[in-house]
Structures are given as C-alpha cells and as structure tokens.
Amino acid sequence: MQKMSKSNKDLLNFLLALVLGVIAMLLMGGTELSVQGQRMVGVTITIMYIWISGCMPLAASCLVLIILETFAATDFTGAVEGGYTMSSALSATLKSFASTTPVTVIVGTALAAVVKSSGLAERIVYLIMRLVAGKHGKAKASKVLAAMYIADVPASLMIPSATGRCALYMSIAEGFEGPFHFGDPDKEHNPFQKAVWISVALIPIIMGGAFLTGAEATIMVGGLIEAETQITQGWGITFAILWIPALLLMAVSYVILMRRYPSNTGDVDVSFINQKLAELGKMKRNEIYCLVVLVAMVLLFITDSLHGIPATFVLVLMCGVLFLPGIGPGKWKVEGKKISWDGYFIIATAMGFSSLLDTFGVMDFFAGKIALLGISNYLVALLVMIVVTLLVRLGIASITSAATLLVPISMAVGSAAGLSAPQIASLAWITYVFCRVSFFLPHQGAQLIMTYGVGFYKKEDLMKSACVITAAALVIYFIWGGFIAPMIYGIA
C-alpha cells in the first residue's frame, strides 16, 4: 500500500481541523454563549488541532486564525445592536498588532541583532567562560559547561531574544567539537556533546522565563496577565517573581546533564577561548557604544518602580539609540533582516485571539465549567495547571501557541476557584514557565529544533534528560509559585 504523502496528510489534517471546529460549534448550541461565542469555541478547537497536528507552519496558521476569527465575530444578521460588521470584526482581530507587546518583539530582536553583530555579545560570553574555565592550561569539561550557564545570566539581561542567544551559544558550542572530540551519536563519540548541545537549547529556554524581557513570548504573557488581573507586570516585579527559581533550575539542569553525560576526554586545553578573544581583538567603538546602551537599559529596567517608564518603551528607546544616523552601530538593512518578523505576527495574532475569546465570554464560559470540578484551593489549581500544561505541550510544538491557550485557561481556573488577583497572576506565570520547560521532544520549541538539527544528540537523550529536569522544575516552581510568588505580589 502506497504511503500517503506529507502534503496530502497535511491537507487531510487541515480539513479534519475544520470539521472538528464545526462539530464543537454545533455542540455549543443551546448554551449561554452567544452565536459569536459558539463560533469562537469552534475556532479554538480548529486552531488547536492545526497546532497539534503541525499541518501548517505556525505563521501560516495565524493567517487561517485571523480569517476564522473574523468570520466568527461577524454579525451577519445585523439584528444584534452593536454587533460587529465584517470590517469591525477584522479590526478587532487585528487590534493587537498596534499594541506594545508585539512591537517589543521587533525592537527586542533588532537590539539583539546589533549587539551580536558588534561582537559585544560574543566577547561577554567568552570573557565569562575564561573567568570560570581559566585563562591558561587545561580545564575540566564541567568548568567549560558551567561557564556557558553562568554567561547567560548577564546575556539574558542584555539580549532580549531567547532564539538570538541560542544562535550565539550554537556558534560557541561548535568550537568545542575539536577539543572534546564530538562525533556521530550513533558511533564512537564523547557523551559530553549531548550535555553541551541540550544545554545550548535549555539555557535560553529557562532564562527566557526569568523576567519580562527574557524572551519574546514572555512579554506577551505579561500583557495577558496584566489585562486580566489589573496588576502591573513591570520588569522589576517579574524579575522578583521569576528570576530565583530560574537560577535554581539552571543549576539543577547543569548538574543532571553533567552526571548523565560526563566527558571521556579528561581535561582539555582551553586555549581555544583565548584564541576566540584574540580574534575579536581590542574592544571596538561599536562594542563600547552597545555596552553603554545596554548598561543604561538594565539600569532603567531595575529602577522601573521609581521612574515608571515601562519596559517596552525602554527597549524601544534603547533600540532607537542604536540606530541613530552617523552615531549608532546599527544598520537597518543588515539587522532588519534578523528581526523576528514571524514572532511579531504570531504574538500579535495570539493576543488578538485571546482578547476575542474574552470579549465573547468564552473564557468565562470555561471558567464556569471548571468551577464544577470543585477546585477551590490555590495549590490544587497550581498542580492541575502544571500537569495539564505538560500534557498539552506534548502536542503543541510552539511555546507561544501553548501560552496563548493555556495562560488564559489558567486565569479562568483561578477565577473559578475564587483565587485572589496575586494568586491568579502567580498561577498564570507558573503555567507559562511550564509552557517553556516542557521539552520532551525535539519539536517543542525553536531552540530545540535548532540544536537537534545539528545531530549531536538523539531524541531519547532529550527525553531521558527532560524527565528528570522537568520533575525538578515541578518541585522548584510548585514550592516557589505556591508559597513565595503570591507573597511577593502582596508585598509589592
């Protein structure tokens, strides 16, 4: 029997997604939802199946989502006073494109591109690696890998793009191949290569959820939480809520990966670090310019409670300074090509979708159904959302897509349970964290896709590591999110 081609399989899955959406919409008939709300439930089921099946690229699926949302929100009868015309429905769907969050993706990735092209990002990472691994002689593999983990702590503050940092660490990991004798994982190889390449993906995934500007999707989630809870999600408060557990998980991940995949080469000459720094030469004007801008940016982030300037505008301001004509090191024709335009489109669409679900009462409807489960305890709600997120992420490949669906659901669970606003905000953030640290399969995030494609670790290596690291994450974030995060919100 001839095997079905991928294109035919994708088409079949797409058509099935539409059928499931229609069935879900029809099943909503007779509920308290409006006709538009019933249609939005159908749209939700359709897009969920598209994302789970992977029958379309994520950005292309967002085009389908915009089309379906517009039809779903339109009042075709004209009988409902104040109902959406198709034009106003489309405007409501695209409203989020003008909001601050997706714009941050543009300026954040543009800033990261300039810092990287100036050479400053690479210099900072290698300087930290030399500081940890040693200036001369030989160093243990454990020290070299520890240096990479430690380097992301300042790098994550300065480069607000998890994907951009992953690309930087990939170029550094390539320098390890010779000294550590990396090879085909199906043949003779150094097990340490698996620790390195899984870490290259995992480091920006973890630190991407350590504060508001850690990653593009984190900024989106901050906006969703602020809109629902009316608690300002500034840079400082998200840092207080998320940074320490992220550092703990980084440390645990390092220990687990080093024990599981120790190096078989013994100590290695670390001269390759000095060689890289020698290639960079003395600090250039563009690097100094970027360094001054980054220091100013971090200072503005840290002091946001004093001056009240939102993190988004700080990024816009600092990015603008990098592109000042005749002064700034940024060249739009070069760095503009490295901007995450897909990320802008996906996050803007996702936020518009979440807004319409709320507008037509879909989230309130689900909150009412969730209330029937009898969840009235914060810790129970937290555990339920962690487990649900881990299961759903096995199917939904994109962190952003998963966060779009699961963060609003977590807030609906919190509302149904009668939780306070600080508890709902904490619940939503922990849910988002597990959208990030669910990494059992190589398709579960851009960073994993990037590193898995290099070929130095296998699917089962990732899964075995993920089982232990995710279990550790569950303990860390359940304790932190259950007891400490709400207290921090209360004090703030």
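No experiment lies behind these values; they were computed from the predicted model shown.

Student: Help me understand the overall build of the chain in this model?
Tutor: Secondary structure summary: the chain contains 23 helices and two strands in total. In summary, the chain has a C-alpha radius of gyration of 23 Å against a globular reference of 23 Å for 492 residues, a match within 12%. Its C-alpha atoms give the chain principal-axis dimensions of roughly 80 × 60 × 45 Å. Burial status across the chain gives 54% buried among its 492 residues. Contacts in the chain between residues at least 24 apart in sequence constitute 78% of all its contacts with a sequence separation of at least 6. Roughly 20500 Å² of accessible area belongs to the chain as shown, and the carbon and sulfur atoms make up 67% of that amount.

Student: Any chance you could explain helix α12 (residues 271-280) here in plain terms?
Tutor: Side chains of residues three or four places apart in an α-helix project in the same direction, reflecting 3.6 residues per turn. The set of residues buried in α12 consists of Phe-272, Ile-273, Leu-277 and Leu-280. Along the axis of α12, the buried positions cluster into a sector of 145°, meaning they face one direction only. In α12, those exposed residues whose orientation departs by more than 90 degrees from the buried face are Ala-278 and Glu-279. For α12, the secondary structure elements touched by its buried residues are α6 (120-133) and β2 (268-269). After α12 finishes, the residue Gly-281 shows a positive phi value of roughly 70°.

Student: Please explain the environment of Tyr-169 as it appears in this structure.
Tutor: One can find Tyr-169 in helix α8 (residues 162-174). Once residues within four sequence positions are removed from consideration, Tyr-169 is found in contact with Val-125, Met-148, Ala-151, Asp-152, Ala-155, Val-200, Ile-203 and Pro-204.

Student: I'm lost on the packing of helix α5 (residues 100-118) against helix α15 (residues 311-322) in this one. Help?
Tutor: Each pair of packed helices can be summarised by the angle the axes make with each other and by the distance between the axes. Contact geometry for α5 and α15: axes closest at 9 Å, N-to-C directions at 40°. Considered as vectors, α5 and α15 are oriented oblique to each other. Crossing of α5 against α15: the hand is left-handed. Between α5 and α15, the contacting residues are Thr-100, Thr-104, Val-107, Ala-110, Leu-111 and Val-114 on the first element and Thr-312, Leu-315, Val-316, Met-318, Cys-319 and Leu-322 on the second. Looking at the contact of α5 with α15, its residues break down into nine nonpolar, three polar and no charged.

Student: What's the story with a nonpolar patch on the surface in this structure? I'm lost.
Tutor: On the surface, Leu-16, Val-19, Leu-20, Ile-23, Leu-27 and Ile-45 cluster together into a nonpolar patch covering about 480 Å² of accessible area. Per-element accounting of the nonpolar patch gives the leading share, five residues, to helix α1 (residues 6-27). Looking at where Leu-16 falls in the secondary structure, it is placed in helix α1. Judged by relative accessible area, which is 37%, Leu-16 ranks as partly exposed.

Student: Hey, could you run me through the pattern of salt bridges in this one?
Tutor: Between side chains of opposite charge, a pair can form as their charged atoms come close. This structure, assessed with the given rule, holds six salt bridges. Between Arg-123 and Glu-287 there is a salt bridge; the shortest N-O distance is 2.5 Å. Residue Arg-123 is located in helix α6, and its partner Glu-287 is located in helix α13 (residues 285-302); the two are separated by 164 residues in the primary sequence. Across the pair, exposure class does not vary: Arg-123 and Glu-287 are buried alike. Across the pair Asp-152 and Arg-165 runs a salt bridge, and its minimum N-O distance is 2.9 Å. Of this pair, Asp-152 sits in helix α7 (residues 141-158) while Arg-165 sits in helix α8, placing them 13 residues apart in sequence. A relative accessible area of 0% places Arg-165 in the buried class. Through salt bridges with shared partners, a single ionic network connects Asp-186, Lys-458 and Glu-460.

Student: Looking at this structure, how should I read the packing of helix α19 (residues 378-393) against helix α21 (residues 421-436)?
Tutor: Where α19 meets α21, the axes come as close as 9 Å, and the angle between the chain directions of the two elements is 25°. Here α21 runs roughly parallel to α19, going by the angle between their axes. The two elements α19 and α21 cross, and the hand of that crossing is right-handed. Between α19 and α21, the residues in contact are Tyr-378, Ala-381, Leu-382, Met-385, Ile-386, Thr-389, Leu-390 and Arg-393 and Gln-423, Ser-426, Leu-427, Ile-430, Thr-431, Phe-434 and Cys-435, respectively.

Student: Hey, could you run me through the layout of surface pockets in this one?
Tutor: Unfilled space is identified by rolling a water-sized probe across the atoms. Volume-wise, the largest pocket comes out at about 900 Å³. Taken together, 39 residues line the largest pocket, and the ones lying closest to its centre are Thr-163, Ser-340, Gly-343, Ala-446 and Gln-447. Going through the elements one at a time, α2 (35-53), α5, α8, α10 (216-229), α17 (341-359), α20 (399-416) and α22 (446-452) are the ones with two or more residues in the lining of the largest pocket. Of the residues belonging to the lining of the largest pocket, the class tally is 21 nonpolar, 13 polar and five charged. There is about 500 Å³ of room inside the second largest pocket. Lining the second largest pocket are 28 residues, with Leu-212, Glu-226, Thr-232, Gln-233 and Gly-234 positioned closest to its centre.

Student: Just to check I follow, could you spell out the packing of aromatic side chains for this structure?
Tutor: Geometry of an aromatic ring pair is reported as the spacing of the ring centres plus the angle between the planes. Per the stated rule, a full pass over the model turns up 20 aromatic pairs. A ring pair is formed by Phe-180 and Phe-192, whose centres lie 4.9 Å apart and whose planes are at 50°; its orientation type is tilted. In this pair, Phe-180 is assigned in the loop between α8 and α9 (192-207) and Phe-192 in helix α9, connecting sequence segments 12 residues apart. For the pair shown, Phe-180 and Phe-192 are each scored as buried.

Student: Is there a simple way to explain the confidence of the model for the chain in this structure?
Tutor: Detailed reading of the predicted coordinates is not advisable wherever pLDDT is low. Here the chain averages 88 in pLDDT, while 98% of its residues score no lower than 70. Mean pLDDT across the secondary structure elements of the chain bottoms out at β2, with 74, and peaks at α21, with 96.

Student: Explain empty space enclosed by the protein to me, please; I cannot follow it from the model alone.
Tutor: Applying the stated criterion to the full structure yields one cavity of 30 Å³ or more. Roughly 30 Å³ of volume is contained in the largest cavity. Residue lining of the largest cavity: Val-115, Ala-121, Ile-124, Ala-155, Met-158 and Ile-159, and that is the complete set. Counting only elements with at least two residues in the lining of the largest cavity, the list comes to α6 and α7.

Student: What is the right way to read the side chain of Gln-447 from this model?
Tutor: In this fold, Gln-447 is placed in helix α22. Among the residues examined, Gln-447 registers a relative accessible area of 4% and is labelled buried. Residues within four places of Gln-447 in sequence aside, it is in contact with Ala-162, Thr-163, Cys-166, Ala-201, Pro-204, Ile-205 and Ile-399.

Rules of the game
Residues numbered from 1 in each chain as written. Predicted model: local features only at pLDDT ≥ 70, side-chain atom pairs only at ≥ 80, totals over all residues. Heavy atoms only, no water. Helix = DSSP H or I, 4+ residues; strand = E, 2+ residues; numbered from the N terminus. Rg over C-alpha atoms; globule rule 2.2 N^0.38 Å. Buried < 20%, exposed > 50% of the residue type's maximum accessible area, 1.4 Å probe, protein only. Contact = heavy atoms within 4.5 Å. Areas by Shrake-Rupley, 256 points an atom, 1.4 Å probe, with all protein chains shown as cover. Arc of directions from axis to C-beta. Axes fitted to C-alpha atoms, helices over the stretch in contact; angles between N-to-C directions. Parallel < 35°, antiparallel > 145°, perpendicular 65-115°, else oblique. Left-handed = near helix turned anticlockwise from the far one by under 90°. Nonpolar A, V, L, I, M, F, W, Y, C, P; charged D, E, K, R; others polar. Patch = residues over 30% accessible without salt bridge, like charges linked within 9 Å, V, L, I, M, F, W, Y side chains within 5 Å. Salt bridge = Lys/Arg side-chain N within 4 Å of Asp/Glu carboxyl O. 1 Å grid on protein atoms, 1.4 Å probe; cavity = no way out; pocket = protein on both sides within 12 Å on 5 of 7 lines; lining within 4 Å. Points joined across faces, edges and corners; volume = space filled by probe spheres on them. Phe/Tyr/Trp six-rings, centres within 6.5 Å; stacked < 30°, edge-to-face > 60°. pLDDT = per-residue confidence, 0-100.

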